[in-house]
Amino acid sequence: MLDLVTLGADLIPGAKPTPIPGLSGPVATIFGYGLWLLVLAGGGGVAFGMYKLAISDKSRNSGGSEPFKYMGAGAFVLVVSGSLIAILNGLAGG
């Protein structure tokens, strides 16, 4: 479990999760880094959707909605994880 925490600290060097009252130390740390990893995943989804949009076949016969599915899902993950981070920081008093 300690390896997962150090992995999160290596991937996101600037992220310092605020301790959540009522949760034990390792659980709060893993939960906090998990939310930051979701933010990175959402950004990756938006970027991948933009990439797919740039290389997609723009003719009338192709399925043009696929890039927007990636971008929409990525934006949704960004909004939800950002909201959860803000809520938990408010609860933790940070």
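These numbers come from a predicted model, not from an experiment.

**Student:** Help me understand the side chain of S81 in this model?
**Tutor:** Examined against the element boundaries, S81 turns out to sit in helix α3 (residues 66-92). Accessibility expressed as a relative area gives 1% for S81, which makes it buried. Within the structure, the side chain of S81 is placed 2.7 Å from the backbone oxygen of V77, a separation counted as a polar contact. Residue contacts for S81: discarding those within four places in its chain leaves L35, L38 and V39.

**Student:** When you look at the packing of aromatic side chains in this model, what are you seeing that I'm missing?
**Tutor:** Aromatic rings in a pair are described by how distant their centres are and how their planes are angled relative to each other. Under the counting rule described, the total for this entry stands at two aromatic pairs. Judged by centre distance (6.1 Å) and plane angle (35 degrees), the ring pair of F48 and Y51 falls under tilted. On the criterion of helical spacing, the pair formed by F48 and Y51 is a turn pair, its members being three residues apart in helix α2 (residues 25-55). Under the relative-accessibility criterion, F48 is labelled partly exposed at 35%. Considering the side-chain rings of F48 and Y70, the 4.8 Å spacing of their centres and the 85 degrees angle between planes classify their relative orientation as edge-to-face. With F48 in helix α2 and Y70 in helix α3, this pair connects stretches of sequence that are 22 residues apart. On the basis of relative accessibility, which here comes to 34%, the residue Y70 falls in the partly exposed class. Ring-pair connections join several aromatic residues into one group, and the members of that group are F48, Y51 and Y70.

Rules used throughout
Residues numbered from 1 in each chain as written. Predicted model: local features only at pLDDT ≥ 70, side-chain atom pairs only at ≥ 80, totals over all residues. Heavy atoms only, no water. Helix = DSSP H or I, 4+ residues; strand = E, 2+ residues; numbered from the N terminus. Buried < 20%, exposed > 50% of the residue type's maximum accessible area, 1.4 Å probe, protein only. Polar contact = N/O pair within 3.5 Å; in protein donor to acceptor, adjacent residues only side chain to side chain. Contact = heavy atoms within 4.5 Å. Phe/Tyr/Trp six-rings, centres within 6.5 Å; stacked < 30°, edge-to-face > 60°.

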